[in-house]
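Structural description and commentary
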Number of protein chains: 2
Amino acid sequence: MTAPLPNLTKNQSLVFETLAEAGAPLSAYTILDQLREHGFRAPLQVYRALDKLLERGLIHRLESLNAFVACQHKHSHGHQGATVFVICGTCGDVNELHDQVINDQIMRRAVEQKFQVESAMVELRGRCSGCAD
Amino acid sequence: MTAPLPNLTKNQSLVFETLAEAGAPLSAYTILDQLREHGFRAPLQVYRALDKLLERGLIHRLESLNAFVACQHKHSHGHQGATVFVICGTCGDVNELHDQVINDQIMRRAVEQKFQVESAMVELRGRCSGCAD
DNA sequence: GTCGATATGTTATGACATTACATCATATTT
DNA sequence: AAATATGATGTAATGTCATAACATATCGAC
């Protein structure tokens, strides 16, 4: 069942490594700037790699930040359902969690409406414990 | 035209009416185009009005669409917590709902992490019953 | 009327993302 | 081997979303 996924291409690897090493959300243009020394010249080189990485679940897009992060859960490709992102607006730290209660309730409400969920996003903005007043 | 709400300025009323009549998400620039005949000339006129309307809870921002919708719940200004948006990618229809279970669970998880939630977004993308295969 | 706060008008710029087209690499078919 | 198909890449141009900076106007409190 677990057929090994094909290797990442050079550009995909570069983009993924950049995100993984940052350990924080980066915009596509920030990634571009960091990869200029590796020959990147245009936004599309980044966006194309990001698209493939998103497809494979290796990274996530933070809609409220227009930014991308490496997935924190190494073996979560099988994970179905919503990912909850907890985003500190002060230090920029992002935590990713998967919550079964939220997930189940989302699906319950969707079924009520006969709505077929293709993707679900939950993003919390606020202050982490380290940045509290 | 429905009657403008009290305490809204002229620009705020125009923007709100545009959204309310559309009954669907509009981008700031779409609103701008629709209000050119009323004297709007620049994006900032729209964004400033949108900011005030967001503050008052009369409209919502859909992060995954970079668009705005009038709040569907006329008397929900006191409503605390997450709003769930159910967005059909085919017909563009958007439904807004408030779910106490999701809300409570979000707050429970936030408290666990000592995270102070300032805002929460939940957006479901998929297909509505009318657009199902 | 003066002052302070808020709203508005305008230009320019910054930030995020895609279209369109050309080229290159690799694998499969004939 | 040549032809073909597919996917990745390179590049320029453009499209879309949002804010900075500065000037002017409106309105209420005093």
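Residues numbered from 1 in each chain as written. Chains lettered and ligands numbered in written order. Predicted model: local features only at pLDDT ≥ 70, side-chain atom pairs only at ≥ 80, totals over all residues. Heavy atoms only, no water.

1. A few points about the overall build of chain A
What counts here: Secondary structure elements follow DSSP: runs of H or I of four or more residues count as helices, runs of E of two or more count as strands, with numbering from the N terminus. Type-normalised accessible area, obtained with a 1.4 Å probe on protein chains alone, sets the label of each residue: buried when under 20%, exposed when over 50%, and partly exposed for intermediate values. In this count, Lys and Arg are taken as positive residues and Asp and Glu as negative ones, while His and the chain termini are left out. Charge coordinates come from a single atom per side chain, which is NZ of Lys, CZ of Arg, CG of Asp or CD of Glu.
A count of helices and strands for chain A gives four helices and five strands. Along its sequence from the N terminus, chain A presents helices and strands in the succession α-α-α-β-β-β-β-α-β. C-alpha extents for chain A along the principal axes are approximately 50 × 50 × 25 Å. Counting the 133 residues in chain A, one finds 41% classified as buried. When the 13 basic and 15 acidic side-chain charges of chain A are each reduced to a single mean position, those positions are 5 Å apart.

2. Looking at the UniProt feature "binding site: Zn(2+)" (unreviewed entry) in chain A
Residue and element names in this part refer to chain A. Selection criterion: UniProt positions are given in the numbering used here, feature names are shortened, and annotations may be inferred rather than shown by experiment. By the convention used here, residues are in contact when the closest approach between their heavy atoms is within 4.5 Å.
The positions that UniProt labels "binding site: Zn(2+)" (unreviewed entry) are, in the present scheme, C88, C91, C128 and C131. Taken along the chain, the residues just named run across 44 residues; in space they keep tight, none of their C-alpha pairs more than 8.1 Å apart. Residue placement: C91 occurs in the loop between β3 (83-88) and β4 (94-97). Residue contacts for C91: discarding those within four places in its chain leaves C128 and C131. Checked against the element boundaries, C128 lands in the segment after β5 (116-127). With a relative accessible area of 15%, C128 lands in the buried category.

3. Side note on the nonpolar core
Put simply, the rule is: We define a nonpolar core as any set of buried Ala, Val, Leu, Ile, Met, Phe, Trp, Tyr and Cys residues linked to one another through side-chain atoms lying within 4.5 Å.
I106 and V122 of chain A together with I106 and V122 of chain B are the most contacted members of the largest nonpolar core, which has 26 residues in total. Taken together, the elements giving at least two residues each to this core come down to β3, α4 (100-112) and β5 of chain A together with β3 (83-88), α4 (100-112) and β5 (116-127) of chain B. In contact with V122 of chain B, not counting residues within four places along its chain, are I106, M121 and V122 of chain A together with A82, T83, V84, F85 and I106 of chain B. Of all hydrophobic cores here, the second largest spans 19 residues; its members include F16, A28, F40 and V46 of chain B.

4. A look at the domain arrangement of chain A
Residue and element names in this part refer to chain A. Put simply, the rule reads: Note that domain bounds follow an automatic or database assignment of domains. Buried area adds together the accessible area that both of two parts lose upon being put together, with accessible area traced by a 1.4 Å probe. Think of a salt bridge as a Lys or Arg side-chain nitrogen and an Asp or Glu carboxyl oxygen that are within 4 Å of each other.
Here chain A is described as being made up of domain 1 (10-70) and domain 2 (82-127). One C-alpha centre belongs to domain 1, the other to domain 2; they are set 22 Å apart. Tallying the contact residues gives nine residues for domain 1 and nine residues for domain 2. If you sort the residues of domain 1 by the area they bury against domain 2, H60, L62 and S64 come out on top, with a joint share of 53%. Between domain 1 and domain 2 we count zero salt bridges in total. Considering each element in turn, the side of domain 1 that touches domain 2 owes the most residues, three residues, to strand β1 (residues 59-62).

5. Re the pairing of β5 of chain A
Selection rule: Note on pairing: two strands pair once DSSP finds at least 2 bridges between them.
Bridge analysis of β3 of chain A against β5 of chain A gives six bridges, and the strand direction is parallel. For T83 of chain A, the partnering residue across the bridge sits in β5 of chain A and is M121 of chain A. Bridging between β5 of chain A and β5 of chain B involves eleven bridges; their strand directions are antiparallel. Looking across to β5 of chain B, one finds that E123 of chain A is bridged to M121 of chain B.

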